[in-house]
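Read off the chains here:
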Amino acid sequence: MKAKNIFKLFFLGSILLLTSCSEKDLQLEYELADDYDSNTGNIKSEDKLEYVTNGIYSIIGGAGFYGAQFQAFNDVVSDNVFVSNTNGGYFLTYQNISWVGDSDLGFFNTGYDVITQANIVINESSLPVTDRTKSLKGEAKILRGLAYFTLAQFYCDLPTSGKNQEYGLPLNLGIYNPNTKYSRSTVEETYNQIIKDLTEGINEMDAGYRQGKKTYISPLAAKLILSKVYLTRGKSGDYDKAIDLAEQVMVDQPTIAGDKLYDYFTGDIALSEGQPETLFEIEQTANYNLQVNSYLGNFYASTGSQKSLLVRQSIVDLYDKSTDIRYKLFNTTSSAPISDVPKGVWLRKWPRGTASQGNYTLNIKVLRATEAKYIKMEALAKKGNTSEALTLLNAHAAERGAKIYSGDVISAILLDKQKEFISEGHRFLDLKRNNLGFNRETNCLTCEVAAGSKYWVLPIPLAEMNRNPNMTQHPNWK
């Protein structure tokens, strides 16, 4: 979608991540002038095809997407987290919910950068069809499907809403051409493409090719994503499909036990990275990481030099403090800024660094196997199987040391998921999917966002509107 020199796309020979919050300044570039034919979309060797595929991860794991911004947006633009009055100027647009009809919130262009690079892999046609090339193309389809699903959740109304269904996403599926100006597809067409990409990717990618490394996407991770796509689309039969896929994930990847949860988030690399619970994480190393102004641990940890993201006290009070193992992930011993009334609470889930590798080196968890449980619970409840959903929820709650739930099942599921995934980038989209608003009550200027508010659909950035005459702005922001 975004114009760029086709011979200077962002390719990396291994998964190397951004070293600053300024993605365009410091991203490593791989010159393809001798290896890539921009007219045909052909790449000249399998090794080059793998380099291009690896480069997708540098974009999807950058600060403007799943490296930091996705998690921060979903938790700050909700009732979970607030930006302290003592801050360095980061995430204030989210905190104040102050964007307007042409604001660039970062996701749109970055998402299409992912899609553009994935398209180069998917559309390559000159190399022999081998197990390796087929697997790489399947991998790129999964990543493209994830990017489109991420954008659809932010920039489109829900498929179940019946509103503005003609405002889906532009579907750019071919070789990059800066002269092609895509118009919006429908929401249905958008979700059909997402499902197609993920389904084909699952079938084509060789799970063993990447040797099980969690910093690469996998067919199992794609099943988790696809189960959530079906949960979100909500057409006839979709909840059954969501349940089936979630169960496959739960069988193939048992979820983490409560007594392992603290070390999983706060331990050194050997205890935290590459664990069975993780389905996909963003790699951070001593040489290549998001550094001081982008790394989440620098905002959430009490020792971070940009420390400013705090969990609301009202959310901390939801936990059973004496028994819920998840409560230990709050840092209640370090003082929060006195500038905030009431004070918030620091979190241990995003340490600033590791003992063995130093600052900004702990991988960023994006997909966890435990989410499959919640997808199954929510799909069961929406099918009307509330008793079965509640039984599954209470079994998980007991394993975590939480009290037994009763009453409205969807509310109970979302409450426990809020406790489980605090600060991991779920809350805003969980509320939107269930047509629920939120009220922050404290530490806010804009405190309440009602269900149906225009803020649940993000505006297309002004730069894209100016660049593409076929783009139409969402009605909420015209």
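Residues numbered from 1 in each chain as written. Predicted model: local features only at pLDDT ≥ 70, side-chain atom pairs only at ≥ 80, totals over all residues. Heavy atoms only, no water.

## Thoughts on helix α10 (residues 258-266)
What α10 keeps buried is the set Gly258, Leu261, Tyr264 and Phe265. Seen end-on, α10 carries its buried residues on one side only, within an arc spanning 85°. Exposed residues on α10 whose side chains face more than 90 degrees from its buried face are Asp259 and Lys260. Packed against the buried residues of α10 are α11 (269-272), β4 (278-282), β10 (364-368), α15 (386-400) and α16 (409-420). (Buried < 20%, exposed > 50% of the residue type's maximum accessible area, 1.4 Å probe, protein only. Helix = DSSP H or I, 4+ residues; strand = E, 2+ residues; numbered from the N terminus. Arc of directions from axis to C-beta. Contact = heavy atoms within 4.5 Å.)

## Considerations on empty space enclosed by the protein
For the coordinates displayed, the defined rule picks out five cavities of 30 Å³ or more. Estimates place the volume of the largest cavity at around 220 Å³. Tyr66, Phe70, Lys228, Leu367 and Glu371 are the residues nearest the centre of the largest cavity, which is lined by 17 residues in total. Looking at the lining of the largest cavity, the elements with two or more residues in it are α3 (69-76), α6 (131-155), α8 (219-233) and β10. Residue composition of the lining of the largest cavity, by class: nine nonpolar, four polar and four charged. (1 Å grid on protein atoms, 1.4 Å probe; cavity = no way out; pocket = protein on both sides within 12 Å on 5 of 7 lines; lining within 4 Å. Points joined across faces, edges and corners; volume = space filled by probe spheres on them. Nonpolar A, V, L, I, M, F, W, Y, C, P; charged D, E, K, R; others polar.)

## Comments concerning the layout of surface pockets
For the second largest pocket, the calculated volume is near 280 Å³. Looking at the second largest pocket, it is lined by 17 residues, and the ones nearest its centre are Asp157, Leu158, Ser161, Lys163 and Asn435. Looking at the lining of the second largest pocket, its residues break down into six nonpolar, seven polar and four charged.

## Regarding the nonpolar core
Core analysis: the largest hydrophobic core is formed by 126 residues, its most contacted members being Phe73, Phe107 and Ile217. The greatest single-element share of this core, amounting to twelve residues, is contributed by α6. Residues contacting isoleucine 217, with those up to four places away along its chain left out, are Tyr57, Glu139, Ile142, Leu143, Met205, Ile225, Phe280 and Leu367. If you look at the next biggest cluster of nonpolar residues, it comprises six residues, including Leu261, Tyr264, Phe265 and Ile325. (Core = buried A, V, L, I, M, F, W, Y, C linked by side-chain atoms within 4.5 Å.)

## Structural notes on the packing of aromatic side chains
With the rule as written, the count across this model stands at 30 aromatic pairs. Considering the side-chain rings of tyrosine 295 and tyrosine 360, the 5.8 Å spacing of their centres and the 65° angle between planes classify their relative orientation as edge-to-face. With tyrosine 295 in the loop between β4 and α12 (297-300) and tyrosine 360 in the loop between β9 (358-359) and β10, this residue pair connects regions lying 65 residues apart in the sequence. Each of the two residues, tyrosine 295 as well as tyrosine 360, counts as buried. Positioned over the ring face of phenylalanine 265 is lysine 349, at 4.9 Å from the centre of the ring. Over the ring of phenylalanine 421 we find lysine 417; its NZ or CZ atom is 6.0 Å from the centre of that ring. (Phe/Tyr/Trp six-rings, centres within 6.5 Å; stacked < 30°, edge-to-face > 60°. Lys NZ or Arg CZ within 6 Å of the ring centre and 35° of its normal.)

## Some remarks on the pattern of salt bridges
According to the stated counting rule, one finds 34 salt bridges in the structure shown. Here arginine 210 makes a salt bridge to glutamate 50, at a shortest N to O gap of 3.6 Å. Separated by 160 residues along the polypeptide, arginine 210 in the loop between α7 (187-204) and α8 and glutamate 50 in helix α2 (residues 46-60) bring together distant segments of the chain. For arginine 210, a relative accessible area of 8% gives the class buried. In this structure, aspartate 79 engages arginine 427 in a salt bridge whose closest nitrogen and oxygen atoms are separated by 2.9 Å. Residue aspartate 79 is located in the loop between α3 and β3 (81-83), and its partner arginine 427 is located in helix α17 (residues 427-433); the two are separated by 348 residues in the primary sequence. Judged by its relative accessible area of 11%, arginine 427 is buried. One salt-bridge network, held together by shared partners, links Glu277, Asp324, Arg326, Lys349, Arg368, Glu399, Arg400, Asp416, Glu420 and Glu424. (Salt bridge = Lys/Arg side-chain N within 4 Å of Asp/Glu carboxyl O.)

## So, the state of the cysteines
Counted under the stated rule, the structure contains one disulfide. In this model, cysteine 444 is linked to cysteine 447 through a disulfide, with the two sulfur atoms separated by 2.0 Å. Here the disulfide of cysteine 444 and cysteine 447 is right-handed, its torsion about the S-S bond being about 95°. (Disulfide = S-S within 2.5 Å.)

## Quick notes on the confidence of the model for the protein chain
Any region with low pLDDT has predicted coordinates that should not be read closely. Looking at the protein chain, the pLDDT average stands at 92 and 92% of residues meet or exceed 70. Ignoring residues within four places in sequence, the model shows residues 1-30, a span with pLDDT below 50, making 106 contacts including any to other chains. (pLDDT = per-residue confidence, 0-100.)

## Quick word on the side chain of glutamate 50
For glutamate 50, a relative accessible area of 17% puts it in the buried group. Among the polar contacts listed, one links the side chain of glutamate 50 to the side chain of tyrosine 209, at a separation of 2.5 Å. Residues within four places of glutamate 50 in sequence aside, it is in contact with Arg132, Leu136, Tyr209 and Arg210. (Polar contact = N/O pair within 3.5 Å; in protein donor to acceptor, adjacent residues only side chain to side chain.)

## Thoughts on the pairing of β10
Buried residues dominate β10, accounting for five of its five residues. In terms of strand pairing, β4 meets β10 through four bridges, oriented antiparallel. Directly across from threonine 278, in β10, lies its bridge partner arginine 368. (Pairing = 2+ DSSP bridges.)

## Looking at the packing of helix α14 (residues 371-383) against α15
Close contact between α14 and α15 brings their axes to 7 Å; oriented N to C, the two are set at 155°. When the axes of α14 and α15 are compared, the pair comes out roughly antiparallel. Between α14 and α15 the crossing geometry is left-handed. Two secondary-structure elements touch here, α14 through Lys373, Tyr374, Lys376, Met377, Leu380 and Ala381 and α15 through Thr386, Glu388, Ala389, Leu392, Leu393 and His396. Looking at the contact of α14 with α15, its residues break down into seven nonpolar, two polar and three charged. (Axes fitted to C-alpha atoms, helices over the stretch in contact; angles between N-to-C directions. Parallel < 35°, antiparallel > 145°, perpendicular 65-115°, else oblique. Left-handed = near helix turned anticlockwise from the far one by under 90°.)

## Some points on the environment of asparagine 85
With respect to the helices, strands and loops of the structure, asparagine 85 is situated in the loop between β3 and α4 (92-96). Note on asparagine 85: relative accessible area 57%, which makes it exposed. Distance in space between the C-alpha atoms of asparagine 85 and proline 337 is 8.0 Å, their sequence separation being 252 residues. With residues up to four places along the chain from it excluded, the contact list for asparagine 85 reads Ser339 and Asp340. Of the polar contacts made by the side chain of asparagine 85, one reaches the backbone oxygen of serine 339; its length is 2.9 Å.

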